[in-house]
Amino acid sequence: MEWINSILIEHSVIQAVVVIAMISALGLALGKISVYGVSLGVTFVFFVGIAAGHFGLSIDPQMLNYAESFGLIIFVYALGLQVGPGFFGSFRKGGMTLNMLAFAVILVGTAMTLGFHVVTGVSLPDMVGILSGAVTNTPALGAAQQTLKQMHIDAADPALGCAVTYPLGVVGVILAVIVLRKMFPRRTAETVVAEDKGKHTFIAGFEVRNPGIFGKNVKEVAHLAAHRFVISRLWRDGKVTIPTSDTVLLEGDRLLVITTEAEEESLRILFGEEEKVDWNKKDIDWNAIDSQLVSQRIVVSRSEINGKKLGSLRLRNHYGINITRIYRAGVQLLATPGLVLQLGDKLTVVGEAAAISNVEKVLGNRIISLKEPNLIAVFVGIVLGLAVGAI
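Residues numbered from 1 in each chain as written. Predicted model: local features only at pLDDT ≥ 70, side-chain atom pairs only at ≥ 80, totals over all residues. Heavy atoms only, no water.

Engineer: Can you help me understand the overall build of the protein chain in this one?
Structural biologist: Along its length, the protein chain carries 15 helices and 9 strands. Working note: accessible area of the protein chain is about 24,400 Å², and carbon and sulfur atoms make up 65% of it. (Helix = DSSP H or I, 4+ residues; strand = E, 2+ residues; numbered from the N terminus. Areas by Shrake-Rupley, 256 points an atom, 1.4 Å probe, with all protein chains shown as cover.)

Engineer: Honestly, the nonpolar core in this entry has me stumped. Any pointers?
Structural biologist: The nonpolar side chains of a soluble globular protein tend to be buried, and buried together. Of all hydrophobic cores here, the largest spans 22 residues; its most connected members are Leu310, Leu315, Ile321, Ile323, Ile326, Leu347 and Leu363. Looking at this core, the elements that each hand over two or more residues are helix 11 (310–313), strand 7 (322–328), strand 9 (346–351) and helix 13 (353–363). Counting residues per element, this core draws most heavily on helix 13, at 5 residues. Aside from chain neighbours lying at most four places away, what touches Leu347 is Gln296, Arg297, Ile298, Val300, Leu310, Ile323, Arg325, Ile326, Leu341 and Leu363. One finds Phe206, Val208, Val221 and Leu249 within the second-largest nonpolar core, a separate group that totals 16 residues. (Core = buried A, V, L, I, M, F, W, Y, C linked by side-chain atoms within 4.5 Å. Buried < 20%, exposed > 50% of the residue type's maximum accessible area, 1.4 Å probe, protein only. Contact = heavy atoms within 4.5 Å.)

Engineer: Honestly, the packing of aromatic side chains in this entry has me stumped. Any pointers?
Structural biologist: Here the distance between the centres and the angle between the planes together describe a pair of aromatic rings. The final tally for this structure, using the stated rule, is 6 aromatic pairs. Between Phe46 and Phe47 the ring centres are 6.3 Å apart and the planes differ by 70°, which places this aromatic pair in the edge-to-face class. Under the relative-accessibility criterion, Phe47 is labelled buried at 16%. With 5.4 Å between their ring centres and 40° between their planes, Phe206 and Phe271 make a pair best called tilted. Pair noted here: Phe206 is in strand 1 (residues 201–208) and Phe271 is in helix 10 (residues 264–271), with a separation of 65 residues, a long-range link. Ring-pair connections join several aromatic residues into one group, and the members of that group are Phe44, Phe46, Phe47 and Tyr166. When the ring centre of Trp235 is taken as origin, the NZ or CZ atom of Arg254, which lies over that ring, is 5.4 Å away. (Phe/Tyr/Trp six-rings, centres within 6.5 Å; stacked < 30°, edge-to-face > 60°. Lys NZ or Arg CZ within 6 Å of the ring centre and 35° of its normal.)

Engineer: Honestly, the sheet that holds strand 6 (residues 294–299) in this entry has me stumped. Any pointers?
Structural biologist: Paired through their backbone hydrogen bonds, the strands of a sheet run either parallel or antiparallel. Read from one edge of the open sheet, 4 strands run 6-9-7-8, paired in antiparallel fashion. Edge positions in the open sheet fall to strand 6 and strand 8 (331–333), since each of these has one partner strand only. Taking each pair of neighbouring strands and ignoring which way they run, the sheet shows an average axis angle of 25°. For strand 7 and strand 9, the ladder comprises 5 bridges, and the chain directions are antiparallel. Residue pairing in the sheet places Ile323 in a bridge with Val349 of strand 9. (Pairing = 2+ DSSP bridges. Axes fitted to C-alpha atoms, helices over the stretch in contact; angles between N-to-C directions.)

Engineer: Can you help me understand the pattern of salt bridges in this one?
Structural biologist: Any two side chains of opposite charge can pair, so long as their charged atoms come close to each other. Inspection of every chain in the model, using the stated rule, returns 5 salt bridges. Close ionic contact of Arg328 with Asp345 constitutes a salt bridge, the shortest N to O distance being 2.7 Å. On the criterion of sequence distance, the pair formed by Arg328 in strand 7 and Asp345 in the loop between strand 8 and strand 9 is long-range, its members being 17 residues apart. Using a relative accessible area of 1% as the deciding quantity, one classes Asp345 as buried. Beyond isolated ion pairs, a larger network of salt bridges with shared partners links Glu207, Arg209 and Glu251. (Salt bridge = Lys/Arg side-chain N within 4 Å of Asp/Glu carboxyl O.)

Engineer: I tried to follow the environment of Ala51 on my own but got confused; where do I start?
Structural biologist: Inspection of the secondary structure assignment puts Ala51 in helix 3 (residues 43–54). What makes Ala51 partly exposed here is its relative accessible area of 32%. Counting along the chain gives 28 residues from Ala51 to Ile23, while the straight-line C-alpha distance between them is 9.6 Å.

Engineer: What exactly am I supposed to notice about the environment of Arg302 here?
Structural biologist: Turning to its location among the elements, Arg302 is positioned in the loop between strand 6 and helix 11. Each C-alpha atom of the pair Arg302 and Val362 lies 7.8 Å from the other, and the pair is 60 residues apart in sequence. Setting aside residues no more than four positions away along its own chain, Arg302 makes contact with Leu343, Lys361, Val362, Leu363 and Gly364.

Engineer: What am I meant to see in a nonpolar patch on the surface here?
Structural biologist: Together, Val38, Val171, Leu175 and Ile178 make up an exposed nonpolar region whose accessible area comes to about 290 Å². Secondary-structure assignment places Val171 in helix 7 (residues 156–183). (Patch = residues over 30% accessible without salt bridge, like charges linked within 9 Å, V, L, I, M, F, W, Y side chains within 5 Å.)

Engineer: What is the right way to read helix 13 from this model?
Structural biologist: Spacing of three or four residues puts side chains on the same side of an α-helix, whose turn is 3.6 residues. Among all positions in helix 13, only Ala355, Ile356, Val359, Val362 and Leu363 are buried. When helix 13 is viewed along its axis, its buried side chains cluster within an angular range of 105° and face the same direction. Turned more than 90 degrees from where helix 13 packs its buried face, Ala353, Ala354 and Lys361 sit exposed. Considering only its buried residues, helix 13 is in contact with strand 6, helix 11, helix 12 (315–319) and strand 9. (Arc of directions from axis to C-beta.)

See below:
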């Protein structure tokens, strides 16, 4: 009994670590439970912490303050690492509009907070905590607490307000989404299938019959048509080869093309004739070249490649390989020259073993470097973030 008391009740460093670990483990386990297809995920850790505090479980105030601050730092920094690769690129695709909408939400929330403070008489620190909990914005709570400390105001008030409203903030958003889906049933299952039909990649075979592209290389044809496709194989004079961007297309060439269903009709007009791909067809053995080549999935792990366009690397021309697929976060993307690469992208590369080995050196393919990031850079980034935030 004394042993249990020392690790759960008596305030110490070990007791604080044990209590926080137990609350986190239990919250994560309960967060996986799904009710009608809805689960709360990591949010359940917050609820378990509230319950633990209600039943009298506590830790040393200084340890609690450290855990709050360090946990918030890790949370915000990890979020930045996750969205960092595509953050700046998003500004070119409606990023400013989304940020203006977010800024409008902040203004409306601030105006309502001040209004309720005047009408209800609730203290401003409490109202700031209520705002943070209502929108489930933990970083805002941390910023508010830091500001109140600098103003020599009790910083515990906003945390209590946040704890009271956070559960309703989570559940309220879920209920609001359910109600909106009932009120505005814009997309049925059939419309989703119809919309997604043209986005999936598939393999199509074409025979070059369009005089307008005779004698033009693959790069010129791609710029001429502005369609999204990748020529994986080229059959000519009984031989199957991997074309490069400088390969000239001739009348009668038969192409194995990776594209999307939405581009199928356009490519039929571009090349002249479409034929059904038959891997067992006698006159064209598309697999013949595969006996000399290997197909390998390479992971982008070099930081220098992050943010670069696939076409700018000129991998096909330099190494005689072909990139047929790119997988990102479980989504299959078409390997077009304009696609911007990100760390963790998985490229399916076809070519000779020696060429693929060279491509590995360019892209990295060191999964361990993604699973074990540069901790020096991580901690330096945290220090820089805290230094800038202290201004």
